Amino acid sequence: MPKNTDLSNLVIFVETNSVNDFIYRNSFVKYLLKRNLKIFIVNVNSIFKKKEKKDFKNIVIINIKNKNQLKTFLKKKKEIKCINFVEKRFRNLGFFILFKKYNLKIYEVKRYGDIRDTKFFFEKNIFNNIAKIISLFKVILNIIVFNIFYQTRFLNRTEKLFCSIRNNEKINSYEFNYFNQSILSNLLIKFIGIYNFKFYKKIFLINVVFSEEIKDLKNTKNNKILFLDSSLNHSDRIFFESRISINDKKKYYQLLIKFFLKIQHLFKKKVVIAVHPSNNFNEIKKIFKNFRCEIYNTKGLIKNADILLFHETSAIIYGIITNKKIINIKLKCMGEYYSFRNNLYAEELKCQTINLDQNINITKSFYSKIKKSFNAYKRNYIFVTRKNKSINDLLDLM
């Protein structure tokens, strides 16, 4: 339990289409709720799909559609402790200005662990290419504006940043979704000083996985093959490339199902699908009708799996921690963006890879060749400090 931290006036700022989805995917917030604290979750997303039923107790959800609503809320609350998960984007600039106006002390928790490098993929369609160039300059302009506002003190810097990386260049590139896509843009970014400016006052290094989570990952059964699903039309894929075609999507699922049936028969272990939270669960369940599908239980499924199959996902971190056998699956029909991302993980982990576009001959002896020890990745990306290992350690510093 935290020693000196008063969490009775805790407010968490988010920007999400589903507060339930946000909590399911954020173990830090789930831990706070287990302590029976009454937590205010302020959602600044102005576009709501539908009113959802709360899956968690002890939370008060406040949906903010404009700055005036946030003003009203902040006037009523005094001496609140704020944890911010709202992105630093143009659309949210007004909210950050209000944080300054009411002199809120903001804390942020950034646990990365996954590989973020990517690049734009240009194509024959000139209009799509123009849209991508415009998107790139919007990213750069966003950085410039926030840089100026922090430098001129129109915005309050984050009081304390709890982050799994300490390099300021990487922190900024992750925070502002910028990854040096070209030499020209790299020079421009250096010119405007993204490597130098800081949006935080103090930084505390933390591990990607808290000690409380590691305890929950113990007592594994190792009796299943788990596929960590990816979103074929993830916003990043659309941003850097384009939407997947209907034919490619159909081919993708056909090849996967054929492979799953084969490996399931060969290793005498059931294949289970951990559905990506942004995918339509009913659609995926219908596609994989011969396999068990689950959503919002990825860590629990990983804990009881023997082999993990994946393309690229941050969830693979929990498989690395629990020393699971890991196989990276490649398919050309996924597009250039995913081909690039899949290769990044395969090269960094040096794990077994299978290209489903090729005629593959898998035998029982293949099982013994699957790598399950990834100590270098653990050191470089996951367990980066011996301090601040638990969520309680973090709360004590707030």
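Quick summary incoming for the structure in this document.

## Some details on the pattern of salt bridges
Two side chains bearing opposite charge may form a pair once their charged atoms approach each other closely. Across all of its chains, the model carries 16 salt bridges by this definition. E213 is the salt-bridge partner of R111, the closest N and O atoms lying 2.6 Å from each other. Here R111, found in the loop between β5 (106–110) and α5 (126–151), pairs with E213, found in helix α8 (residues 211–216); they are 102 residues apart in sequence, far enough to count as distant. Taking the shortest distance from any N to any O, the salt bridge between K299 and E213 comes out at 3.0 Å. Of the two residues, K299 is situated in helix α12 (residues 298–303) and E213 in helix α8; the sequence distance between them amounts to 86 residues.

## Some details on the packing of aromatic side chains
What the rule picks out here adds up to 29 aromatic pairs. Note on Y24 and Y296: the rings are 4.4 Å apart at their centroids and 15° apart in plane angle, and the pair reads as stacked. With a gap of 272 residues between them, Y24 in helix α1 (residues 19–24) and Y296 in the loop between β10 (292–295) and α12 connect regions that are remote in the sequence. Ring centres of F227 and F260 lie 5.1 Å apart, and the angle between their planes is 55°; on these two criteria the pair is classed as tilted.

## Some words on unusual backbone geometry
Positive phi outside glycine occurs at N323, with the angle close to 55°. Relative to the elements of secondary structure, N323 occurs in the loop between α13 (316–321) and β12 (325–330). Under the relative-accessibility criterion, N323 is labelled partly exposed at 36%. Phi angles above zero are rare outside glycine, and K350 is one such case at about 55°.

## Digging into the packing of helix α3 (residues 67–76) against helix α4 (residues 93–101)
For the pair α3 and α4, interaxial distance at closest approach is 10 Å and the crossing angle is 25°. Put simply, α3 runs roughly parallel to α4. You can see that α3 and α4 cross each other, and the crossing is right-handed. From α3, K67, L70, K71 and L74 reach across to α4, where they touch G94, F95, L98, F99 and K101. Residues belonging to the contact of α3 with α4 are distributed by class as follows: five nonpolar, one polar and three charged.

## Here's the deal with the packing of α4 against α5
The N-to-C vectors of α4 and α5 enclose an angle of 10°; their axes lie 12 Å apart at closest approach. Between α4 and α5, the angle falls in the class roughly parallel. Contact with α4, carried on its side by L93, F96 and I97, involves V145, F146 and F149 of α5 and no other residues of that element. Taken together, the residues of the contact of α4 with α5 sort by class into six nonpolar, no polar and no charged.

## Thoughts on helix α2 (residues 27–34)
Most of α2 sits out of view: six of its eight residues are buried. Every buried residue of α2 is accounted for by S27, F28, V29, Y31, L32 and L33.

## Considerations on the nonpolar core
Residues F13, V42, L70, F73 and L74 are the most contacted members of the largest nonpolar core, which totals 39 residues. Mapped by element, the contributors of at least two residues to this core are β1 (10–14), β2 (39–43), α3, α4, α5, β6 (158–163) and α6 (168–175). The element best represented in this core is α5, accounting for seven residues. When near neighbours in sequence (up to four residues on either side) are disregarded, L74 contacts F13, I80, L98, Y102 and L104. If you look at the next biggest cluster of nonpolar residues, it comprises 34 residues, including I225, I307, I327 and C333.

## Here's the deal with the pairing of β6
Burial within β6 is extensive, with five of its six residues counted as buried. Sheet analysis places β5 next to β6, joined by four bridges and oriented parallel. Across the sheet, residue V109 finds its bridge partner in β6, namely F162. The pairing of β6 with strand β7 (residues 200–205) spans five bridges and is classified as parallel. Along β7, the bridge assignment pairs F162 with F204.

## Quick word on the sheet that holds strand β3 (residues 59–63)
Strand order in the open sheet formed by seven strands is β3-β2-β1-β4-β5-β6-β7, with parallel pairing between adjacent strands. Whereas interior strands pair on both sides, the edge strands pair on one side only; in this sheet they are β3 and β7. The mean inter-strand angle of the sheet, taken between neighbouring strand axes irrespective of direction, is 25°. The pairing of β1 with β2 spans four bridges and is classified as parallel.

## Some points on helix α15 (residues 375–382)
Within α15, the full set of buried residues consists of Y377, K378 and I382. Taken end-on, α15 shows its buried residues confined to a sector of 100°, consistent with a single buried face. Among the exposed residues of α15, those pointing more than 90 degrees away from its buried face are R379 and N380. Taken together, the buried residues of α15 touch α13 and α14 (336–349).

## Overview of the sheet that holds β10
With parallel pairing, six strands are arranged side by side in an open sheet as β10-β9-β8-β11-β12-β13. What marks the edges here is a single partner per strand, and that holds for β10 and β13 (352–355). Put simply, the sheet's adjacent strands are angled 25° from each other on average, direction ignored. The pairing of strand β9 (residues 270–275) with β10 spans four bridges and is classified as parallel. Each bridged residue has a counterpart across the sheet, and for I273 the counterpart in β10 is C293. The strands that α14 touches are β11 (307–310), β12 and β13; relative to β12, the one it contacts most, it runs at about 150°.

Cut-offs and rules
Residues numbered from 1 in each chain as written. Predicted model: local features only at pLDDT ≥ 70, side-chain atom pairs only at ≥ 80, totals over all residues. Heavy atoms only, no water. Salt bridge = Lys/Arg side-chain N within 4 Å of Asp/Glu carboxyl O. Helix = DSSP H or I, 4+ residues; strand = E, 2+ residues; numbered from the N terminus. Phe/Tyr/Trp six-rings, centres within 6.5 Å; stacked < 30°, edge-to-face > 60°. Buried < 20%, exposed > 50% of the residue type's maximum accessible area, 1.4 Å probe, protein only. Axes fitted to C-alpha atoms, helices over the stretch in contact; angles between N-to-C directions. Parallel < 35°, antiparallel > 145°, perpendicular 65-115°, else oblique. Left-handed = near helix turned anticlockwise from the far one by under 90°. Contact = heavy atoms within 4.5 Å. Nonpolar A, V, L, I, M, F, W, Y, C, P; charged D, E, K, R; others polar. Core = buried A, V, L, I, M, F, W, Y, C linked by side-chain atoms within 4.5 Å. Pairing = 2+ DSSP bridges. Arc of directions from axis to C-beta.

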